[in-house]
Amino acid sequence: MELPDIHKFPKEKLSQSDIEALEQSAKRARLTALTMVNAAKSGHPGGAFSSMEMFMTVYGVADLTPQNCNDIKRDYVVISHGHTSAGVYGAIAEWGFVPVDEARAHFRQIGSIFQGHVEREVPGIDLGTGNLGQGLSAGVGFALAQRANGHNGRVYVVMGDGGQTKGQIAEARRMAVRHNLTGLVALIDWNDIQLSGKRLDIMPCDIKALWEADGWEAVETDGHSFGAIYEALKDAGRNGKPTVLLCKTIMGKDGLIMEGIADYHGKPVSNDDYAKIAEHLGESADTLTKALEKRKTKPTFTGRKIDFPSAPNIDTGTPFDYEGEKVSDNRGAFGKALADVGKLNYKKDGRTPILVFDCDLVPSVMTGKFRDACPENFIQCGIQEHSVATASGAASLAGVVSLWAEFGVFGIDEVYNQQRLNDINHAGNKTVLTHVGLDVGEDGKTHQCIDYVSLMRNMFGWKLVVPVDPNQTDRVTRWLLKTPGDICMAVGRSKVDGLKYYTGSYTFEYGKADKLREGKDGAIFALGYTAQIALKSAEILSTKGVEVSVYAVSCPLVPDMSAIAEAVKTGHVMTIEDHNVNTGMGAIMALESARKGIVLPKLQTLGVDHYGESGNSDAVRDEMGLSAEKVANSFMEGR
């Protein structure tokens with residue numbers, strides 16, 4: 001039977017023939033899912049079967065098709081319980097997104113896009129997930145981006161019930177209500193079984209009460225009834241609230257031996273049981289035989305190429321210059337530049353919207369001027385960093401420039417997993433970390449973010465910029481807003497000198513180390529604002545007859561090898577950084593030099609070698625051996 005046209009709810013209710021056609025299609029999709037798992041000898045068939053009617057209905061009604069799935073203005077679908085990928089692939093194959101024979105044969109196989117958890121390379125998959133609890137946050141991000149783009153669409157988030165105890169989901173629920181995202185619809189596969197057994201035996205929670213307490217419309221429905229799900233989805237949002245459908249289901253539904261058994265959360269059935277289930281679903285065991293034979297060949301369906309969102313259409317304006325001593329701080333220069341760019345583009349026809357996310361830190365991260373200039377594009381989220389990290393990343397995939405300003409320890413240390421998901425999904429998230437390194441001073445070791453370079457180094461797509469002064473900060477802010485990809489800018493909070501080097505016609509170039517001082521007796525590479533410490537150290541050394549070059553490094557993840565080769569000729573190289581000395585800029589430079597065959601005859605690395613104490617920034621740096629005087633002394637001792 002041919003699938004009915006239920007795209008964007010063309011009728012009040014499904015007819016009996018509609019339901020019969022959908023049920024027949026769901027049987028094929030279930031067999032596809034089971035075939036995938038058995039052919040791969042791994043996977044999650046139980047949840048794939050229990051979620052099938054939800055998958056089939058959502059992909060049927062959503063304004064998301066094989067033809068428009070790469071567009072911006074459409075509906076979005078997030079599969080939060082990404083381990084049910086076999087079921088998702090089975091469902092979207094029925095709706096024409098992917099070829100069913102390729103999905104059945106090449107699941108979880110090298111060279112195939114049909115990976116163990118859903119990924120964006122598969123048409124129809126809007127976010128690669130698998131880390132439970134992040135999907136609703138992504139849905140919030142997509143919905144906020146839709147609104148900013150003036151598109152009155154829907155965002156559907158399909159979830160499992162076991163993950164409902166995760167804190168990030170609660171954060172996302174509150175964000176959705178706070179920002180009145182009535183087009184956001186969540187569906188929960190409520191089968192009461194998790195990997196280890198019964199849900200209520202593992203970690204009890206009143207799912208419906210949790211959602212209602214946060215202001216959602218909670219609707220209980222039969223998760224295996226196409227008619228009931230269709231009508232509930234059609235009515236969602238009518239009461240002016242985000243809606244969650246609590247879909248009562250059976251683990252392993254229509255899977256005979258799998259029904260209600262926790263073991264089949266994550267393992268295939270035997271070949272004998274496969275044959276029985278295949279017959280029950282109206283096909284034969286030959287389906288698996290054919291898939292296994294095709295599995296011997298290379299996958300041919302390549303899906304879609306996933307890259308960072310394209311460059312936005314924004315006016316980045318003209319940089320401000322800061323000259324003289326102690327005139328500003330880097331975070332203040334960031335806030336001023338952000339507001340300037342915001343005003344130039346706010347509600348201008350044809351311009352890409354800029355959304356700024358905040359977690360109750362406006363006075364500290366300097367986003368207040370943007371908030372005042374662009375109120376509708378300022379997203380206040382409260383103290384909910386996990387959800388914001390995911391939401392801002394998802395928003396960047398849906399046609400907006402998305403920026404989140406946050407303290408270093410919260411914007412990368414606390415949410416590393418969420419930022420890693422942004423990396424995997426090739427998002428275009430702009431994260432501005434303030435209060436990094438020892439510069440946070442008095443707040444002490446819990447708030448001194450001394451590992452942001454190494455954490456970003458662990459990922460593969462992020463760019464990291466640590467500006468030297470307010471002038472470079474201004475220019476980097478304008479650069480990152482218009483540059484595709486995940487970009488992090490990290491700044492301290494103290495007032496620093498505005499250097500003439502970075503004024504006027506200076507243009508930021510990612511990966512370039514800036515030579516601020518010439519010297520023949522050695523070279524100091526300094527990360528970010530510590531370049532100003534290095535300059536003072538160089539002056540002290542000069543009084544002792546030692547002339548050193550000073551290189552300012554703002555891009556520690558990509559060492560400037562030409563600058564390093566030049567510095568090596570002096571015979572003595574030192575690195576200083578407001579970061580863990582074992583994993584930061586110095587370590588990266590040493591490794592990359594070795595890889596390139598550059599011999600460092602003398603390398604000193606200065607940085608953070610223990611958790612800092614609480615005190616003003618100068619005192620904390622001095623105790624760590626990073627004051628200008630102590631850097632100069634260390635250089636002399638190392639000669």
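Described in the following lines is the structure provided in the data block. The shown structure was predicted, so the numbers you read here are calculated from the model rather than taken from an experiment. (Residues numbered from 1 in each chain as written. Predicted model: local features only at pLDDT ≥ 70, side-chain atom pairs only at ≥ 80, totals over all residues. Heavy atoms only, no water.)

**Comments concerning the environment of Met489**
Quick reminder of the rule: For the purposes of this entry, the term helix denotes a DSSP run of H or I that reaches at least four residues, the term strand denotes a run of E that reaches at least two, and both are numbered from the N terminus. Buried means the residue's accessible area, taken with a 1.4 Å probe over protein chains only, is under 20% of the maximum for its type, while exposed means over 50%, and partly exposed covers the values in between. By the convention used here, residues are in contact when the closest approach between their heavy atoms is within 4.5 Å.
Mapped onto the elements of the fold, Met489 is located in strand β14 (residues 487-490). Residue Met489 is classed as buried on the basis of its relative accessible area, which comes to 0%. Between the alpha carbons of Met489 and Pro467 there is a distance of 7.6 Å; along the sequence they are 22 residues apart. Those residues in contact with Met489 that sit more than four places away from it in its chain are Phe334, Thr431, Val432, Leu433, Val465, Pro467, Thr473, Val476, Thr477 and Leu480.

**Some thoughts on the sheet that holds strand β13 (residues 463-465)**
This is how the line gets drawn: A pair of strands is considered paired only if DSSP assigns at least 2 bridges between the two. What counts as an axis is a line fitted to C-alpha atoms, over the stretch in contact for a helix, and the angles between N-to-C directions run from 0 to 180 degrees.
The sheet built from six strands is open, its strands ordered β10-β9-β11-β12-β14-β13 with parallel pairing. Sheet topology places β10 (378-380) and β13 at the edges, where each strand pairs with a single neighbour. Each strand of the sheet is rotated relative to its neighbour by a mean of 20 degrees, with strand direction disregarded. Of the strand pairs in this sheet, strand β9 (residues 354-358) and strand β11 (residues 401-407) are connected by four bridges, and their pairing is parallel.

**Some thoughts on the packing of helix α21 (residues 530-542) against helix α25 (residues 628-637)**
Note the cut-off: Roughly parallel refers to an angle under 35 degrees, roughly antiparallel to one over 145, roughly perpendicular to one between 65 and 115, and oblique to any angle outside these ranges. Helix crossings are classified by the rotation of the near helix relative to the far one: an anticlockwise turn of less than a right angle makes the crossing left-handed, while a clockwise turn makes it right-handed. Throughout, the ten residues Ala, Val, Leu, Ile, Met, Phe, Trp, Tyr, Cys and Pro are labelled nonpolar, Asp, Glu, Lys and Arg are labelled charged, and all others, Gly among them, are labelled polar.
Contact pair α21 / α25: the axes reach a minimum separation of 8 Å and the direction vectors enclose 60 degrees. Classified by the interaxial angle, the pair formed by α21 and α25 is oblique. Once α21 is placed against α25, the crossing between them reads as right-handed. Seen from α21, the contacting residues are Ile533, Lys536, Ser537, Ile540 and Leu541; seen from α25, they are Ala628, Glu629, Val631, Ala632, Phe635 and Met636. In the contact of α21 with α25, the residues fall into eight nonpolar, one polar and two charged.

**Digging into unusual backbone geometry**
Notably, Asp192 is not glycine yet its phi reads approximately 65 degrees, a positive angle. Mapped onto the elements, Asp192 comes out in the loop between β3 (184-190) and β4 (193-194). At Met366, a position not held by glycine, the phi torsion is positive, near 65 degrees. Turning to its location among the elements, Met366 is positioned in the loop between α14 (362-365) and α15 (368-373).

**Observations regarding empty space enclosed by the protein**
In this approach a probe as big as a water molecule rolls over the atoms, and the regions it shows empty are the leftover space. Counted only if it meets this: Lining residues are those with an atom within 4 Å of a point, where the points come from a 1 Å grid over the protein atoms alone and group into cavities, where a 1.4 Å probe fits but cannot get out, or pockets, open sets with protein on both sides within 12 Å along at least five of seven lines. Grid points are joined across faces, edges and corners, and a volume is the space filled by probe spheres set on the points.
Taken as a whole and assessed by the stated rule, the structure comprises two cavities of 30 Å³ or more. As a volume, the largest cavity reaches approximately 90 Å³. Forming the boundary of the largest cavity are 16 residues, of which Val436, Val466, Val491, Gly492 and Tyr529 lie nearest the centre. Partitioning the lining of the largest cavity into residue classes produces nine nonpolar, five polar and two charged. Of the volumes computed, that of the second largest cavity is approximately 70 Å³. Taken together, 14 residues line the second largest cavity, and the ones lying closest to its centre are Val553, Cys555, Val558, Pro559 and Asp560. Its residues placed into classes, the lining of the second largest cavity shows ten nonpolar, two polar and two charged.

**Concerning the layout of surface pockets**
Quantified by volume, the largest pocket comes out at close to 550 Å³. As for the largest pocket, its lining consists of 31 residues, and the residues nearest its centre are Ile72, Pro309, Ser310, Ser396 and Leu397. Empty space within the second largest pocket amounts to approximately 400 Å³. Lining of the second largest pocket is provided by 25 residues; of these, Ala148, Tyr346, Leu355, Glu376 and Asn377 occupy positions nearest its centre. Mapped onto the lining of the second largest pocket, the elements with two or more residues apiece are α6 (135-148), α13 (330-345), β9 and β10. A breakdown of the residues in the lining of the second largest pocket according to their chemical character gives eleven nonpolar, eight polar and six charged.

**Structural notes on the pattern of salt bridges**
Selection rule: Criterion for a salt bridge: a side-chain nitrogen of Lys or Arg within 4 Å of a carboxyl oxygen of Asp or Glu.
Within this structure, the stated rule accounts for 36 salt bridges. For Lys208, the salt bridge identified is with Glu220, shortest N-O distance 3.5 Å. Of the two residues, Lys208 is situated in helix α9 (residues 207-213) and Glu220 in strand β6 (residues 217-222); the sequence distance between them amounts to twelve residues. When its relative accessible area of 25% is taken as the criterion, Lys208 is described as partly exposed. In this structure Glu220 comes out as partly exposed when scored by relative accessible area, which is 44%. It is possible to trace a salt-bridge network through shared partners that takes in Arg457, Glu592, Arg595 and Lys596.

**Some points on the packing of α13 against helix α20 (residues 470-482)**
Where α13 meets α20, the closest approach of the two axes is 8 Å, and the angle between their N-to-C directions is 40 degrees. With respect to each other, α13 and α20 are oriented oblique. In this structure, α13 crosses over α20, and the sense of that crossing is right-handed. Listed contacts from α20 to Asn330, Ala333, Phe334, Ala337, Leu338, Asp340 and Val341 of α13 are Pro470, Thr473, Asp474, Thr477, Arg478 and Leu481. Tallied by class, the residues present in the contact of α13 with α20 amount to seven nonpolar, three polar and three charged.

**Section: α25**
The condition is simple: By construction, the arc corresponds to the directions joining the helix axis to the C-beta atoms.
For α25, every residue scored as buried is listed here: Ala628, Val631, Ala632, Ser634 and Phe635. Viewed along the axis of α25, the buried residues span an arc of 160 degrees, placing them on a single side of the element. The inward-facing, buried residues of α25 abut β17 (523-527), α21, β19 (573-580) and β20 (603-608).

**Quick look at the nonpolar core**
Test applied: Definition used in this section: a nonpolar core is a set of buried Ala, Val, Leu, Ile, Met, Phe, Trp, Tyr and Cys residues joined via side-chain atoms within 4.5 Å.
Of all hydrophobic cores here, the largest spans 91 residues; its most connected members are Leu403, Tyr452, Leu464, Phe525 and Ile576. With six residues, α21 is the largest single contributor of residues to this core. Once residues within four sequence positions are removed from consideration, Leu464 is found in contact with Tyr452, Val453, Met456, Cys488, Ala490, Tyr510, Ser554, Cys555, Pro556 and Leu557. One finds Ala26, Val37, Val61 and Ala278 within the second-largest nonpolar core, a separate group that totals 65 residues.

**Topic: the environment of Val269**
In this structure, Val269 sits in the loop between β7 (243-248) and α11 (271-280). Not counting residues within four places of it along the chain, the set of residues in contact with Val269 comprises Leu34, Asn38, Ile257, Met258, Tyr264, Tyr274 and Ile277.

**Considerations on the sheet that holds β19**
The strand order across the open sheet built from five strands is β16-β18-β17-β19-β20, with neighbouring strands paired in mixed fashion. Where the open sheet ends on each side, the last strands, each with one partner, are β16 (514-517) and β20. The mean angle between the axes of side-by-side strands here comes to 25 degrees, regardless of whether they run parallel or antiparallel. Of the pairings in the sheet, the one linking β17 to β19 comprises four bridges and is parallel in character. Residue pairing for β19: Phe525 is matched across the bridge by Thr575.

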